[in-house]
Amino acid sequence: MLVVILLIMLFYRERLTSFNDAVSELDIANIGTVLISDTREQSHYIKPEEIEQLVSILDNLSMKKKLIPNRPAFNEDAVIIFGSANQEESFSIMLDYGKNIIGINQYQKNMKQYILEDDSDLFLFVQGYLK
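In what follows, the accompanying structure is described. What you see is a predicted model, and the numbers here were worked out from it, not measured in a lab.

Structural notes on the overall build of the protein
- Counting secondary structure elements, the protein contains four helices and eight strands.
- Walking the protein from its N terminus toward its C terminus, one meets helices and strands in the order α-β-α-β-β-α-β-β-β-β-β-α.
- Out of the 131 residues belonging to the protein, those deemed buried represent 42%.
- For the protein, restricting intrachain contacts to residue pairs at least 6 apart in sequence, the fraction spanning at least 24 positions comes to 61%.
- Accessible area of the protein: about 8200 Å², with a carbon and sulfur share of 53%.

A short note on the side chain of D96
- Residue placement: D96 occurs in strand β6 (residues 91–96).
- Under the relative-accessibility criterion, D96 is labelled buried at 1%.
- Among the polar contacts listed, one links the side chain of D96 to the backbone nitrogen of G98, at a separation of 3.3 Å.
- When sequence neighbours within four positions are dropped, the list of residues in contact with D96 reads A73, F74, N75, D77, I101 and F123.

Re the packing of aromatic side chains
- Summed over all chains, the structure comprises four aromatic pairs.
- For the pair F82 and F91, a centre-to-centre distance of 4.5 Å together with 10 degrees between the ring planes defines the contact as stacked.
- For F82, a relative accessible area of 1% puts it in the buried group.
- For F91, a relative accessible area of 5% puts it in the buried group.
- A network of ring pairs unites the aromatic residues F19, F82 and F91 as a single cluster.

Focus: the pairing of strand β4 (residues 62–65)
- Across two bridges, the pairing between strand β1 (residues 17–18) and β4 is antiparallel. Across the sheet, residue S18 finds its bridge partner in β4, namely S62.
- By the bridge criterion, three bridges tie β4 to strand β8 (residues 112–116) in an arrangement that is antiparallel. What sits directly across from K65, in β8, is Y114.

A word on the pattern of salt bridges
- Evaluation of the coordinates by the stated rule reveals one salt bridge.
- Of the charged contacts in the structure, one is a salt bridge between D96 and K99, with a shortest N-O distance of 4.0 Å.

Section: unusual backbone geometry
- Here the phi dihedral of N100 falls at roughly 60 degrees; this positive angle occurs in a residue that is not glycine.
- Position of N100 among the secondary structure elements: in the loop between β6 and β7 (101–106).
- We classify N100 as buried; its relative accessible area is 17%.

Cut-offs used in this document
- Residues numbered from 1 in each chain as written.
- Predicted model: local features only at pLDDT ≥ 70, side-chain atom pairs only at ≥ 80, totals over all residues.
- Heavy atoms only, no water.
- Helix = DSSP H or I, 4+ residues; strand = E, 2+ residues; numbered from the N terminus.
- Buried < 20%, exposed > 50% of the residue type's maximum accessible area, 1.4 Å probe, protein only.
- Contact = heavy atoms within 4.5 Å.
- Areas by Shrake-Rupley, 256 points an atom, 1.4 Å probe, with all protein chains shown as cover.
- Polar contact = N/O pair within 3.5 Å; in protein donor to acceptor, adjacent residues only side chain to side chain.
- Phe/Tyr/Trp six-rings, centres within 6.5 Å; stacked < 30°, edge-to-face > 60°.
- Pairing = 2+ DSSP bridges.
- Salt bridge = Lys/Arg side-chain N within 4 Å of Asp/Glu carboxyl O.

Now the structure itself:
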């Protein structure tokens with residue numbers, strides 16, 4: 001059993017993914033609206049040029065898929081909701097600042113959780129709207 005745990009840990013450490021790999025079936029180019037919310041009081045739609053900046057930040061994310069997602073322990077500090085003309089392609093990203101984790105919901109499926117590899121410009125971008 002110890003060998004299995006060690007193999008899982010080795011595999012888990014090596015596996016970095018990009019945002020585009022995590023949401024490969026989505027067409028980022030068709031994003032029409034983006035809403036940033038702190039899930040309590042503040043909500044802001046961002047401008048098209050800022051959407052381009054956000055997409056650039058997402059393209060540069062380096063993250064690892066969480067081996068065992070823990071939805072009850074996920075603190076939803078902020079959410080980014082992406083909308084398109086085709087409602088089937090909408091998705092959201094939830095941010096947990098304290099744990100450096102994002103959760104991605106696609107097509108109303110279960111949330112996939114990812115640990116960000118570095119301090120992310122994504123958190124700074126979102127916090128800039130919510131202060």
